[in-house]
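Observations on the model geometry
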Amino acid sequence: MAGAAALRRSARRISRHLAAASSFSRSALQQPERLLSSQASPEHGARGAVSGSELALYPPERVRNFSIIAHVDHGKSTLADRLLELTGTIQKGHGQPQYLDKLQVERERGITVKAQTATMFYRHTTASQDSDAPRYLLNLIDTPGHVDFSYEVSSLPGCLLVVDAAQGVQAQTIANFYLAFESNLSIIPVINKIDQPTADPDNVKEQLKRLFDIDPSEALLTSAKTGKGLEQVLPAVIDRIPSPPGKCDSPVRMLLLDSYYDEYKGVICHVAVVDGALRKGDKIASAATGRAYEVLDVGIMHPELTPTGVLYTGQVGYVISGMRSTKEARIGDTLHQAKSTVEPLPGFKPAKHMVFSGLYPADGSDFEALSHAIEKLTCNDASVSVTKETSNALGMGFRCGFLGLLHMDVFHQRLEQEYGAQVISTIPTVPYIFEYGDGSKIQVENPAALASNPGKRVAACWEPTVIATIIIPSMLVLQRALLKYRLPLKEIIVDFYNELKGITSGYATFDYEDSEYQQSDLVKLDILLNGQPVDAMATIVHNQKAQRVGKELVEKLKKFIERQMFEITIQAAIGSKIIARETLSAMRKNVLAKCYGGDITRKKKLLEKQKEGKKRMKRVGSVDIPQEAFHELLKVSNSK
């Protein structure tokens, strides 16, 4: 009897569990929205899996694509973190700060170098908190804002323009605004850091009105740190930013936002689907290169790689197609259905290298290690051009082309941090154009390659310029002055910003955009050691500055070069004309140390013999330039 009772109790428990499971299944079938996301989307954040059938529930009118642009340290990364937490894409307190900044250099400098995407699911509730409120798919595209890394993202209908409530509008804020304005983006101003003691949001609103003609009532007041005001950001994105345009029934056409290399998966491309739908197994082609690929994997970033098997019109995600190098994945390229003719999307611009510099190993025996490090790094940065070159002073190295000054600095920093490479960089230079008397023109990226040919007269030369925006505080009133200049790119190539900060006690901000070439009076300045040119120190300067720069170079070089057993002549020359000279006296060995008394003629013979030996040494000896000193010299000389 006892056994029968136990059996009945067990049967009742099983029945209750089955009933509960059946009730849960009926509830899930009756309310499929639970499989999607609520305003906080905890299901997706915890589960991390999204199917293609779920993405099909979000037509273009339920999709919003936007970016966040801001000046350095205005809270862009923190705001992105809070939005990811608000939508449940990442769990609060469990994600690392600056979640979308994957590189160490991005975290340290507060800049974005590589574009990142993140898909969020969001319930747009009204004041009545209607349970049937529509759900939206929001794609945050964290794009680089600096001129060195920026490009036109034509598929983005809008952006958040973040401004620090204490610092106000800065130089890069202005550059970012006009970049977005010229791309016809809907701009939502966000005044961030209102929790700071020095915050003055009313003054910032006036700046936005005066500089950009933005209605002060359109600005959102937030504190990404404390969470204040964040509840109004995503509703504003839905209300003010239009849905992505596109034709759902057209052949697939995508904009390539960025790419990176994975050792196991190959090249992973971040794309925005403009027309049609992309499915795993599809054949796609590149409009820029003409190469065809098979889609091996496709999905969304939620927040990491989440395979879905499909992406629909207006949606943003990733594609793995068997590309072996990021050089095949050109930013701004149009990927489309293979064997079909489509009109490429606007905005694609080939990489334009504006700064060139030689990279050499600090230890000549580390050339292979440096070569391997550069090869690995360029797998994730295809915008760098690399060619091998040899310097008489530094040995074997590489001539690298960069998009700009920050790009060059970031590349150097990543070489050191990610690969432990110790490098010496030559004086950065820009691409000049020289025209000879016979009408022929050449572009000079390495000054050492510009031969002084007396048979060919230089008729004209041109150099690249930039439009510089400088904002400095006014000394008379509590306002700031905005200055715009056209400057030669070479003049701002290293220490211009640091000197500007020093002059203005750190209050000035500076940004620039590429401009046209202008005709200039330029000359090649050579540095000679005992009459032999040092190719790695050759530079191109303005004729009016040549004598001053040459004089300062030889003076600095005299301090860095160690004394030898023979005299060293240091000269700066333009062609065959010497414009500056310094002499480093020889070290003198005491040849009379062993002469204790004796005839004076013996001492004279020893001194004459030493003198003749020094003459021969000067003729055949080579000057040893310590690489550490050479590196320091380049940093000092380039500031001129």
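The name given to the chain in an unreviewed UniProt entry is Translation factor GUF1 homolog, mitochondrial, with Paspalum notatum var. saurae as the source organism. According to UniProt, the comment filed for the chain under the heading Catalytic activity (unreviewed entry) is "GTP + H2O = GDP + phosphate + H(+)". If you open the UniProt record of the chain and go to Subcellular location (unreviewed entry), you find "Mitochondrion inner membrane".

1. Topic: the sheet that holds strand S18 (residues 385–391)
Judged by pairing direction, the sheet is antiparallel, and its four strands sit side by side in the order S18-S19-S17-S20 without closing on themselves. Every other strand in the sheet has two partners, leaving S18 and strand S20 (423–425) as the edge strands with one partner each. Neighbour to neighbour, the strand axes of the sheet diverge by 30° on average, direction disregarded. Pairing of strand S17 (residues 355–361) with S20, which is carried by three bridges, proceeds in the antiparallel orientation. Of the residues in S20, the one forming a bridge with Leu359 is Ser425. Together, S17, S18, strand S19 (395–402) and S20 form the strand contacts of helix H9 (residues 367–378), whose direction differs from that of S19 by roughly 20°. Against the sheet, helix H10 (residues 405–419) engages S17, S19 and S20, with an angle of about 15° to S17.

2. Let's talk about the side chain of Asp81
The topology assignment puts Asp81 in helix H4 (residues 76–86). Notably, Asp81 is buried but unbridged: the nearest opposite-charge side chain belongs to Arg82, and the N-O separation is 4.6 Å. Here Asp81 is in contact with Ile90, Gln96, Pro97, Gln98, Tyr99 and Leu100, once residues within four sequence places are set aside.

3. Considering the packing of H9 against H10
One way to put it is that H9 packs onto H10 with a least axis distance of 10 Å and a crossing angle of 110°. Put simply, H9 runs roughly perpendicular to H10. As H9 packs across H10, the resulting crossing turns out to be right-handed. For the pair H9 and H10, contact is made by Leu370, Ala373, Ile374, Lys376, Leu377 and Thr378 and by Phe411, Arg414, Leu415, Glu418 and Tyr419, respectively. Grouping the constituent residues of the contact of H9 with H10 by class yields seven nonpolar, one polar and three charged.

4. Concerning the nonpolar core
Counting 38 residues, the largest nonpolar core has Phe411, Leu415, Phe434 and Ile492 as its most contacted members. Within the residue set of this core, elements represented by two or more residues are S17, H9, S19, H10, strand S21 (432–436), strand S23 (458–473) and strand S25 (509–519). If you tally residues by element for this core, the top one is H9, at five residues. Residue contacts for Leu415: discarding those within four places in its chain leaves Leu359, Leu370, Ala373, Ile374, Leu377, Gly420, Ala421 and Val423. Counting 29 residues, the second-largest nonpolar core is a separate cluster that includes Phe66, Leu138, Leu160 and Ala236.

5. What to know about the packing of aromatic side chains
Scanning the model with the defined rule gives nine aromatic pairs in all. For the pair Tyr58 and Phe121, a centre-to-centre distance of 5.5 Å together with 55° between the ring planes defines the contact as tilted. You can see Tyr58 sitting in the loop between helix H3 (52–55) and strand S1 (63–70) and its partner Phe121 sitting in strand S2 (residues 116–123), a full 63 residues away along the chain. The burial state of Tyr58 is the same as that of Phe121; both residues are buried. An aromatic cluster is built from Phe177, Tyr178, Phe181 and Phe212, whose rings are joined through pairwise contacts. Above the ring of Tyr136, the side-chain terminus of Arg62 is found at 5.7 Å from the ring centroid. Above the face of the Trp462 ring, Lys441 is positioned so that its terminal group lies 4.9 Å from the ring centre.

6. Description of the pattern of salt bridges
Enumeration over the complete set of coordinates arrives at 15 salt bridges. Its salt-bridge partner being Lys193, residue Asp164 comes within 3.4 Å of it at the nearest N-O pair. One end of the pair, Asp164, is in strand S4 (residues 158–164); the other, Lys193, is in the loop between strand S5 (186–192) and helix H7 (201–212), and 29 residues separate them in sequence. Here Asp164 and Lys193 have matching classes, each one buried. Across the pair Asp526 and Lys524 runs a salt bridge whose closest N-O atoms are separated by 3.7 Å.

7. Points about the pairing of strand S3 (residues 135–142)
Looking along a regular strand, one sees side chains alternate from face to face of the sheet. Burial within S3 is extensive, with eight of its eight residues counted as buried. In S3, alternate side chains face the same way, and those of Arg135, Leu137, Asn139 and Ile141 on one face and Tyr136, Leu138, Leu140 and Asp142 on the other are all buried. Relative to S3, S1 runs parallel, the two being bridged by four bridges. From the neighbouring strand, Asn65 faces S3, where its bridge partner is Asn139. In this structure, S2 lies alongside S3, joined through eight bridges in antiparallel fashion. Looking at the pairing, Gln116 lines up with Asp142 of S3.

Reading the values: rules and limits
Residues numbered from 1 in each chain as written. Predicted model: local features only at pLDDT ≥ 70, side-chain atom pairs only at ≥ 80, totals over all residues. Heavy atoms only, no water. UniProt positions renumbered as here; feature names shortened; annotations may be inferred. Pairing = 2+ DSSP bridges. Helix = DSSP H or I, 4+ residues; strand = E, 2+ residues; numbered from the N terminus. Axes fitted to C-alpha atoms, helices over the stretch in contact; angles between N-to-C directions. Contact = heavy atoms within 4.5 Å. Buried < 20%, exposed > 50% of the residue type's maximum accessible area, 1.4 Å probe, protein only. Lys, Arg positive; Asp, Glu negative; His and termini not counted. Salt bridge = Lys/Arg side-chain N within 4 Å of Asp/Glu carboxyl O. Parallel < 35°, antiparallel > 145°, perpendicular 65-115°, else oblique. Left-handed = near helix turned anticlockwise from the far one by under 90°. Nonpolar A, V, L, I, M, F, W, Y, C, P; charged D, E, K, R; others polar. Core = buried A, V, L, I, M, F, W, Y, C linked by side-chain atoms within 4.5 Å. Phe/Tyr/Trp six-rings, centres within 6.5 Å; stacked < 30°, edge-to-face > 60°. Lys NZ or Arg CZ within 6 Å of the ring centre and 35° of its normal.

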